[in-house]
Amino acid sequence: MVEVQRVSKTFQRIGKNGATELKALSDVTISIREKEFVSIIGPSGCGKTTLLKIIDGLTPYDGGEILINGKKVTGPGPDRAVVFQTFALLPWRTVLANVEFSLELRQLPREQRTATARDYLKRVGLADFENHYPHELSGGMQQRAGLARALAVNPSILLMDEPFGSVDAQTRQLLQEELLELWQREQKTVIFITHSMDEAVYLADRVVVMTPRPGRVAEILDVPLPRPRIPDVVRRDPKFVDLTNYIWDSLKKAMENHH
Ligand SMILES: Nc1ncnc2c1ncn2[C@@H]1O[C@H](COP(=O)(O)OP(=O)(O)OP(=O)(O)O)[C@@H](O)[C@H]1O
Ligand SMILES: [Mg+2]
């Protein structure tokens, strides 16, 4: 279980006119069950990436608490892995070596690292590309490689920051379906940031709507759609249509209240 309790974050910047403060997050509370899939949606700059980095343990926070299974988060750990907004693959390493990279911090023998990395590349459909370099892959394939790298450490919590933002609509649809299959198979907790209402609803058990900066939780909505979710069926379900419309209104309202 991931408990975000009244978390706030203010960034300090030293500029020409002295120190300025920017409040990115204010009093954010979200409680995420084990194996739950939660989407987070909110305007650009409202602190979504910041929140994900705080949960990952990369960014210190100045108010509130993050608890994972009751234990306070004080830094990164093997229970969590991030798939970043940008691909973040190492360009000078092959696909296989990129996936092995996340295993190098563990004290695993070399052959075991390679075997594990190969296994995850197979799971994301990149078995034939292990010796390619990132620039030789399409955007969707780079996303898959990033996913394989995060999965290879077998985290129980997968943190995803707009992982499918930069691929075409068809590839995005395919990656969404693959992610759901994988999530169902591997039983992980997923926190998934997106700008797409359609994607948020299609994937998640619950959708968190955030306000403009400083980001707060505007609403948390249940997604009452059955699984497995067949894309064409789900998107024609009146509940799907209603919910995406509702989220659109909720985001609009959050923006209006802000100004
Ligand atoms: N390291 C940092 N130092 C100073 N300010 C930062 C830092 N990281 C983020 N910010 C500021 O915090 C605010 C929230 O940024 P964040 O990246 O979390 O937004 P976001 O919701 O992920 O936006 P987007 O949807 O565009 O990705 C922004 O105003 C940003 O300028
Ligand atoms: Mg972001």
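In the block above lies the structure referred to throughout.
Quick summary incoming for the structure in this document. (Residues numbered from 1 in each chain as written. Chains lettered and ligands numbered in written order. Predicted model: local features only at pLDDT ≥ 70, side-chain atom pairs only at ≥ 80, totals over all residues.)

## Description of the pairing of strand E7 (residues 157–161)
Link 1 in the chain: With five of its five residues buried, E7 lies for the most part within the structure.
Link 2 in the chain: Of the two faces of E7, the one holding Ile-157, Leu-159 and Asp-161 and the one holding Leu-158 and Met-160 are both buried throughout.
Link 3 in the chain: As paired elements, strand E6 (residues 80–83) and E7 share four bridges and run parallel to each other. Note on E7: the bridge partner recorded for Ala-81 is Leu-158.
Link 4 in the chain: Relative to strand E8 (residues 189–193), E7 runs parallel, the two sharing five bridges. Pairing of Asp-161 across the sheet is with Ile-193, part of E8. (Buried ≥ 20, exposed ≤ 12 C-beta atoms within 10 Å, placed from the backbone. Helix = DSSP H or I, 4+ residues; strand = E, 2+ residues; numbered from the N terminus. Pairing = 2+ DSSP bridges.)

## Considerations on the sheet that holds E6
Link 1 in the chain: If you walk across this open sheet you meet the six strands as E6-E7-E8-E3-E9-E10, and the pairing is mixed. Where the open sheet ends on each side, the last strands, each with one partner, are E6 and strand E10 (217–222). Each adjacent strand pair in this sheet contributes to an overall mean axis angle of 15 degrees, direction not counted.
Link 2 in the chain: Strand direction decides the pairing type here: strand E3 (residues 37–41) and E8, joined by four bridges, are parallel. Note that in E8 the partner of Val-38 across the bridge is Ile-191. (Axes fitted to C-alpha atoms, helices over the stretch in contact; angles between N-to-C directions.)

## Remarks on the site of ligand 1
Link 1 in the chain: Around ligand 1 there are 13 residues in total, and Phe-11, Ser-44, Lys-48, Thr-49 and Thr-50 lie nearest to it.
Link 2 in the chain: Elements represented by at least two residues in the shell around ligand 1 include exactly strand E1 (2–15), strand E2 (18–32) and helix H1 (48–56).
Link 3 in the chain: The element best represented in the shell around ligand 1 is H1, accounting for three residues.
Link 4 in the chain: Residues belonging to the shell around ligand 1 are distributed by class as follows: four nonpolar, six polar and three charged. (Near = placed C-beta within 6 Å. Nonpolar A, V, L, I, M, F, W, Y, C, P; charged D, E, K, R; others polar.)

## A few points about the nonpolar core
General note: in soluble globular proteins, nonpolar side chains tend to be found buried as a group.
Link 1 in the chain: Counting 65 residues, the largest nonpolar core has Ile-55, Ala-148 and Ile-191 as its most contacted members.
Link 2 in the chain: Of all the elements, helix H4 (residues 139–152) adds the most residues to this core, at seven residues.
Link 3 in the chain: In contact with Ile-55, other than residues within four places in its own chain, are Val-2, Val-4, Ile-66, Val-73, Leu-159 and Ile-191. (Core = buried A, V, L, I, M, F, W, Y, C linked by C-beta atoms within 7 Å. Contact = placed C-beta atoms within 7 Å.)

## Examining helix H5 (residues 169–186)
Because the α-helix completes a turn every 3.6 residues, residues three or four places apart line up on one side.
Link 1 in the chain: Here H5 contains 18 residues, and its C-alpha end-to-end distance of 25 Å stays within 8% of the 26 Å for a straight helix at 1.5 Å per residue.
Link 2 in the chain: Three or more residues of H5 are buried, namely Arg-172, Gln-176 and Leu-179. The buried residues of H5 occupy an angular sector of 65 degrees when projected down its axis, which confines them to one face. Across H5 from its buried face, at more than 90 degrees, point the exposed residues Gln-170, Glu-181 and Arg-185.
Link 3 in the chain: Lining the buried residues of H5 we find helix H6 (197–203).
Link 4 in the chain: With its phi angle positive at about 55 degrees, Gln-187 sits one or two positions after the end of H5. (Expected span 1.5 Å × (residues − 1). Arc of directions from axis to C-beta.)

## Some thoughts on the packing of helix H3 (residues 110–123) against H4
Link 1 in the chain: The N-to-C vectors of H3 and H4 enclose an angle of 135 degrees; their axes lie 9 Å apart at closest approach. Taken together, the axes of H3 and H4 are oblique relative to one another. As for the relative orientation of H3 and H4, their crossing is right-handed in sense. Of the residues in H4, those touching H3 at Thr-116, Ala-117, Tyr-120, Leu-121 and Arg-123 are Ala-148, Leu-151 and Ala-152.
Link 2 in the chain: Partitioned by chemical class, the residues of the contact of H3 with H4 number six nonpolar, one polar and one charged. (Parallel < 35°, antiparallel > 145°, perpendicular 65-115°, else oblique. Left-handed = near helix turned anticlockwise from the far one by under 90°.)

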